[in-house]
Amino acid sequence: MSGIVGYIGKRQAYPLLLAGLQKLEYRGYDSAGIALQGADGINIIKTKGKVADLQKEVGANLPVGNAGCGHLRWATHGPPSKANAHPHSACSDDFVIVHNGIIENYLPLRGWLAGEGHRFASETDTEVLAHLIEHYYRGDLLQSVQEALQKITGSFAFIAACHKEKDRLICARRDTPLMIGLGEAENFISSDLAALLHHTRKIHILENEETALITSSAVKIYNSECTVMQKRAQEITWDVTSAEKGGYKHFMLKEIMEQPQALRETMRGRLSDGGQKINLAELNFKAQEIENISKIFIIACGTAYHAGLVGKYLMEKILRLPVEVDVASEFRYRDPLLCAKTLVIVISQSGETADTLAALRLARERGQQVLAITNVVGSSVAREADKVLFTWAGPEVAVASTKAYLTQLLALYMLTLYLAAKRQALPPARLKEIGSALFKLPAQVENILSREKEVAAIAGYLKRWESTFFIGRNLDFAVALEGALKLKEISYIHAEAYAAGELKHGTLALIVEGIPVVALATQKAVLEKSLSNIKEIKARGGYVLCFVQEGMEALQNEVDSIFYLPTTADIFLPMLAVIPLQLLAYYTAVARGCPVDNPRNLTKSITVE
Ligand code: F6R
């Protein structure tokens with residue numbers, strides 16, 4: 001999730017582009033860059049780091065030009081560096097581009113373009129697009145962009161500029177936001193409203209597959225058939241602060257709502273044909289290495305550790321391999337039993353958590369192969385692991401992790417599916433079934449998110465209590481742990497998660513009249529057992545807030561409130577059940593007046609041991 005801005009008009013573009021980038025800083029901070037149409041050519045200034053670093057690089061000599069584009073990078077292809085920073089030019093500096101998204105087929109395109117004589121200066125997928133536009137250029141930038149669009153797969157929002165056509169910027173989008181702000185004899189482009197609302201409230205929000213030609217006096221929008229469309233700009237009434245959060249009150253809610261898109265990005269290029277095909281060739285596993293795995297160790301902290309717990313159930317069930325999960329700070333000091341055939345998986349959103357990094361180093365010192373699941377390209381974990389499976393959730397700003405957790409789960413499901421296919425752990429038909437169920441998850445998540453009011457109503461009960469319990473069996477237990485952590489960290493309600501069958505071994509003593517108990521009973525295989533545990537709680541006066549699959553209506557009369565999740569196979573329920581629990585934590589915290597995005601005593605990345 002990088003950020004892009006563009007400007008064309010009578011004013012000096014540099015200060016306007018810089019101000020726009022400052023407004024988008026939450027979208028990426030790995031590198032920053034600006035390209036300006038100058039008198040003698042396009043002037044590109046870029047640097048590793050944040051907007052402030054770019055300002056330092058520029059110093060007092062502000063570059064001049066009335067049109068240009070800018071970019072803040074959240075690295076995907078190629079680590080953060082000056083060479084990988086946008087804007088990217090083609091062989092000639094006459095063409096520049098800033099891009100947000102992922103060009104899936106950049107490797108074959110790069111190979112083909114190299115054969116045609118193009119020379120590349122970065123490792124990015126974006127640079128391929130700049131060369132492609134240059135390749136097709138025959139005096140009309142719009143046309144060459146439209147031709148290039150026919151060749152690329154993946155997601156994108158980009159702005160292209162060409163020195164031979166200084167009076168225009170061309171932009172296009174697919175599956176990644178892009179909007180155009182209309183001014184008086186000037187126009188603005190941005191990834192989101194935050195960078196536009198200071199200038200104008202008249203906005204064109206580009207739709208998928210649309211391309212736009214923007215001059216200082218006009219905006220022409222074309223559909224995928226290259227036909228001009230008659231579109232009216234919208235009048236946006238949001239205030240600037242809520243625009244930064246996509247119109248939501250908090251980053252946490254924005255990130256919860258972004259989850260369907262984050263899932264689709266993480267699947268992109270990996271799970272295709274409606275889930276029938278899985279491809280993780282990026283991991284460079286040799287067939288023998290996969291064959292040899294006899295044990296899996298998953299190491300992580302906090303929410304990432306909870307994702308690992310789901311991974312354990314999943315991998316043991318599907319791969320029939322023993323899986324141990326450990327919190328990183330424990331793993332390091334307990335002299336873990338590792339052997340040559342153990343695959344170590346570390347999970348970390350930030351890729352900088354000190355304990356996780358130390359565990360990774362310990363495992364590698366012991367000769368283990370380490371596979372990292374992380375959200376941050378160029379992070380220490382990504383650099384030091386042998387193999388990396390990136391989650392493409394985009395930057396997570398709220399301290400409480402939501403979309404990172406969900407994409408970590410997806411990464412674990414895809415990895416399991418991939419290993420299962422290679423080890424022939426399941427018949428091909430069963431693997432395809434699993435793949436297509438995974439493919440449906442983003443839409444099912446969307447369905448749950450559309451029912452946020454139901455969850456807000458449940459929060460209305462929870463908010464009055466200082467203590468609560470979360471229970472579940474099997475995969476539900478792993479999700480219960482995550483639900484309890486979310487509630488604790490942002491609402492400050494004491495929340496304990498228990499394996500449902502364990503409550504009667506002591507904790508039942510704490511069940512008093514009215515105390516809320518969040519009961520996950522999504523697993524058909526253990527439904528009867530879960531029901532018995534719910535009855536134990538009800539018999540002692542507990543107030544049961546239950547989460548089940550559709551079709552489990554029989555529970556309705558046994559509990560105090562019930563939330564139905566879309567039906568899918570038991571193994572996928574964690575990816576659905578966690579969504580209302582995130583919303584529950586969120587709405588409870590809001591109802592209690594807590595600072596949701598920045599809970600007390602916590603920071604986003606824990607770089608101390
Ligand atoms: C909780 C949360 C933390 C992190 C943990 C590990 O919402 O975000 O528990 O999961 O600090 O962080 P990463 O994944 O960056 O290693």
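For clarity, every value in this text was computed on a predicted model and none was experimentally measured. (Residues numbered from 1 in each chain as written. Predicted model: local features only at pLDDT ≥ 70, side-chain atom pairs only at ≥ 80, totals over all residues. Heavy atoms only, no water.)

1. Topic: the nonpolar core
In step 1: The biggest cluster of nonpolar side chains holds 123 residues, and the ones touching the most others in it are Ile296 and Ile345.
In step 2: Each residue touching Ile345, except ones within four places of it in the same chain, is listed here: Ile296, Phe297, Ile298, Ile299, Met315, Leu371, Ile373 and Leu415.
In step 3: Core analysis: the second largest hydrophobic core is formed by 29 residues, Ala90, Phe120, Leu132 and Phe158 among them. (Core = buried A, V, L, I, M, F, W, Y, C linked by side-chain atoms within 4.5 Å. Buried < 20%, exposed > 50% of the residue type's maximum accessible area, 1.4 Å probe, protein only. Contact = heavy atoms within 4.5 Å.)

2. Let's talk about the site of the ligand
In step 1: Taken together, 14 residues lie near the ligand, and Ser348, Gln349, Ser350, Thr353 and Glu489 sit nearest.
In step 2: Thr303 is positioned with one of its backbone polar atoms (N or O) 3.1 Å from an oxygen atom of the ligand.
In step 3: Ser350 has a polar side-chain atom sitting 2.6 Å from an oxygen atom of the ligand.
In step 4: In isolation the ligand exposes 410 Å². Once the protein is present, 89% of that is buried.
In step 5: Listed by contribution, the elements that provide at least two residues to the shell around the ligand are helix H10 (302–319) and helix H17 (475–491).
In step 6: Class assignment for the residues of the shell around the ligand results in 5 nonpolar, 7 polar and 2 charged. (Near = heavy atom within 4 Å. Polar contact = N/O pair within 3.5 Å; in protein donor to acceptor, adjacent residues only side chain to side chain. Areas by Shrake-Rupley, 256 points an atom, 1.4 Å probe, with all protein chains shown as cover. Helix = DSSP H or I, 4+ residues; strand = E, 2+ residues; numbered from the N terminus. Nonpolar A, V, L, I, M, F, W, Y, C, P; charged D, E, K, R; others polar.)

3. Thoughts on the domain arrangement of the chain
Often, the extent of an interface is quoted as the loss of accessible area on bringing the components together.
In step 1: Under the domain assignment, the chain is made up of domain 1 (3–244), domain 2 (252–439) and domain 3 (449–591).
In step 2: Placing a centre on the C-alpha atoms of domain 1 and another on those of domain 2 gives a separation of 33 Å.
In step 3: At the boundary of domain 1 with domain 2, total buried surface from both sides reaches about 1,100 Å², with 62% on carbon and sulfur atoms.
In step 4: The tally of links between domain 1 and domain 2 comes to 2 salt bridges.
In step 5: Note that Arg268 is salt-bridged to Asp175, the shortest N-O span being 3.2 Å.
In step 6: Inspection of the region where domain 1 meets domain 2 yields 3 residue pairs in polar contact (both at pLDDT 80 or more).
In step 7: Within the side of domain 1 that touches domain 2, the residues separate by chemical class into 6 nonpolar, 5 polar and 4 charged. (Domains from an automatic or database assignment. Buried area = accessible area lost by both parts, 1.4 Å probe. Salt bridge = Lys/Arg side-chain N within 4 Å of Asp/Glu carboxyl O.)

4. Section: the sheet that holds strand E22 (residues 387–390)
In step 1: Spatially, the 5 strands line up as an open sheet ordered E19-E18-E20-E21-E22, and their pairing is parallel. Both outer strands of the open sheet, strand E19 (323–327) and E22, are each paired with one neighbouring strand and no more. Adjacent strand axes in the sheet meet at a mean angle of 20 degrees when their direction is disregarded.
In step 2: Note: strand E20 (residues 342–348) against strand E21 (residues 369–374), 6 bridges, orientation parallel. For Leu343, the partnering residue across the bridge sits in E21 and is Gln369. (Pairing = 2+ DSSP bridges. Axes fitted to C-alpha atoms, helices over the stretch in contact; angles between N-to-C directions.)

5. Some remarks on the pairing of strand E10 (residues 187–190)
In step 1: Of the two faces of E10, the one lined by Asn187 and Ile189 and the one lined by Phe188 and Ser190 are each fully buried.
In step 2: Bridging between strand E1 (residues 3–8) and E10 involves 4 bridges; their strand directions are antiparallel. Each residue of the ladder has a partner; that of Gly6, found in E10, is Ile189.
In step 3: Here strand E9 (residues 179–182) pairs with E10 via 4 bridges, running antiparallel. Counted as the bridge partner of Met179 is Ser190 from E10.
In step 4: From the end of E9 to the start of E10, which pair antiparallel, there are 4 residues, and Ala185 there has a positive phi angle of about 55 degrees.

6. Comments concerning the environment of Leu389
In step 1: Topologically, Leu389 is positioned in strand E22.
In step 2: Of the residues examined, Leu389 reaches a relative accessible area of 0% and is grouped as buried.
In step 3: It is 21 Å that separates the C-alpha atoms of Leu389 and Ala425, two residues lying 36 residues apart in sequence.
In step 4: Discounting chain neighbours no more than four positions away, the residues touching Leu389 are Arg270, Leu280, Glu282, Leu283, Leu371, Ala372, Ile373, Thr374, Ala411 and Leu415.

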